[in-house]
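Close look at the chain arrangement
Here are the chains, one letter per residue:
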Amino acid sequence: MKGNNGFLFFALTLVLGACAGNFAACSADPVIPPEYIVNLPSLPVPWQEMLGSPHWRLVWLNPQGIPQSLETAGGGKTAIAAASEWATPVLAFPYWPGRGILPGEMRPAGGILPFDTSGSKLQLSWQGGVEAWFYRELTEARNTATGTIDTTTLNKRRPEYFDWPRFRTLMGSDAVPEAIRDDPWRADWHDIAIRTVQSGFDRRRITAQKGEELLVPRNALAKTGDHGAEGPFAGPSPFAKPMFPEPGVGFRFMVTPRSDTYVSVEGILRVSRGVWMWNRR
């Protein structure tokens, strides 16, 4: 019973913490709603102009802690029943089936319950997508570390216990490298999660992914009778600025081991280390 009481105290602390930021809503209706109406964020302008309105794949945990997903065109009201007695991530992956862009190619929006709720509404954001993704990385890192780190330490480093409000404040502060403040998807969240599970979280863990430059000449993206793609290209991160070609050089992409998707009105370019594939419209 002592362990259960500790968990209930933690759950109550989370709810009260969320209420502190929205006292009127919590005091008027302290009961956890059976469902949350999901409010999706507006698309970054480059994505909207180049791709149009997306479909969405939502991924979350239901009240029993079981993974759930659904897909929506985003035009109507979407409701989910999610676990909110403890910190719970919700991810929303935009995708464009008519353009051949699948869920996961572009970085997700998201949020963490109960911190992004107001009554029965759940507001997702692009910054929240980074946090929900880090939550998932922490979960996977803990699962991988099972058997190599003692159980007591692993239990202390559950993502449910992570101080998410403080983490949000940190991400907007000068303590984080400017490049990552401008685009938090530049951080190596997989490595940060592993080190957090192994020895605890520290702001110094927030470091950028290691990448290498890939040059794609404009004329390599040409079709018969033209001089190649003009761009600009919008990258997979909703925070990144569109990429224009350098005169006489072409497009410079910073690539990592994973494949990334860049879009323009002219087509879709997928790049990874030393390799790229161009699908011209």
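In this report, we go over the structure that sits alongside the text.

Reading the values: rules and limits
Residues numbered from 1 in each chain as written. Predicted model: local features only at pLDDT ≥ 70, side-chain atom pairs only at ≥ 80, totals over all residues. Heavy atoms only, no water. Pairing = 2+ DSSP bridges. Helix = DSSP H or I, 4+ residues; strand = E, 2+ residues; numbered from the N terminus. 1 Å grid on protein atoms, 1.4 Å probe; cavity = no way out; pocket = protein on both sides within 12 Å on 5 of 7 lines; lining within 4 Å. Points joined across faces, edges and corners; volume = space filled by probe spheres on them. Nonpolar A, V, L, I, M, F, W, Y, C, P; charged D, E, K, R; others polar. Buried < 20%, exposed > 50% of the residue type's maximum accessible area, 1.4 Å probe, protein only. Phe/Tyr/Trp six-rings, centres within 6.5 Å; stacked < 30°, edge-to-face > 60°. Axes fitted to C-alpha atoms, helices over the stretch in contact; angles between N-to-C directions. Parallel < 35°, antiparallel > 145°, perpendicular 65-115°, else oblique. Left-handed = near helix turned anticlockwise from the far one by under 90°. Contact = heavy atoms within 4.5 Å.

**Some points on the sheet that holds strand 4 (residues 78-80)**
Spatial strand order, 4-1-8-7: 4 strands in an open sheet with mixed pairing. Pairing within the sheet leaves two strands with one partner each, and these edge strands are strand 4 and strand 7 (117-118). Two strands pair when backbone bridges link them, and strand 1 (residues 36-39) and strand 8 (residues 121-123) are joined in this way by 3 bridges, in the parallel orientation. Paired with Ile 37 across the strands is Lys 121, a residue of strand 8.

**Focus: the layout of surface pockets**
The computed volume of the largest pocket comes to approximately 650 Å³. Lining of the largest pocket is provided by 26 residues; of these, Asp 183, Arg 186, Ala 240, Met 254 and Tyr 262 occupy positions nearest its centre. Every element with two or more residues in the lining of the largest pocket is listed here: helix 7 (178-182), strand 10 (251-255) and strand 11 (260-264). In terms of residue count, strand 10 provides more of the lining of the largest pocket than any other element does, 3 residues in total. Partitioned by chemical class, the residues of the lining of the largest pocket number 12 nonpolar, 5 polar and 9 charged. Taken as a whole, the second largest pocket spans an internal volume of roughly 370 Å³. In terms of lining, the second largest pocket is formed by 17 residues, of which the most central are Leu 61, Pro 89, Tyr 135, Arg 136 and Thr 139.

**Structural notes on the pairing of strand 1**
A one-sided burial pattern is seen for strand 1, the buried positions being Tyr 36 and Val 38 and the unburied ones Ile 37 and Asn 39. Bridge analysis of strand 1 against strand 4 gives 3 bridges, and the strand direction is antiparallel. Looking across to strand 4, one finds that Ile 37 is bridged to Ala 79.

**Let's talk about the packing of aromatic side chains**
Enumeration over the complete set of coordinates arrives at 22 aromatic pairs. On the numbers, 6.4 Å between centres and 80° between planes, the contact of Phe 93 with Trp 133 is edge-to-face. Of this pair, Phe 93 sits in strand 5 (residues 88-95) while Trp 133 sits in helix 4 (residues 126-145); the two residues are 40 residues apart in sequence, bridging distant segments of the chain. Judged by relative accessible area, which is 18%, Trp 133 ranks as buried. Measuring from ring centre to ring centre gives 5.9 Å for Phe 167 and Trp 189, while their planes differ by 70°; the resulting arrangement is edge-to-face.

**A word on the packing of helix 4 against helix 8 (residues 189-199)**
How two helices sit against one another is set out by the angle between their axes and by the gap between those axes. Axis separation between helix 4 and helix 8 bottoms out at 8 Å; the angle between their running directions is 50°. By the angle between their directions, the pair helix 4 and helix 8 is classed as oblique. Seen from above, helix 4 lies across helix 8 with right-handed handedness. Across the interface between the two elements, Val 130, Trp 133, Phe 134, Glu 137, Leu 138, Ala 141, Arg 142 and Ala 145 from helix 4 touch Trp 189, His 190, Ile 192, Ala 193, Ile 194, Thr 196 and Val 197 from helix 8. Residues of the contact of helix 4 with helix 8, tallied by class, amount to 11 nonpolar, 2 polar and 2 charged.

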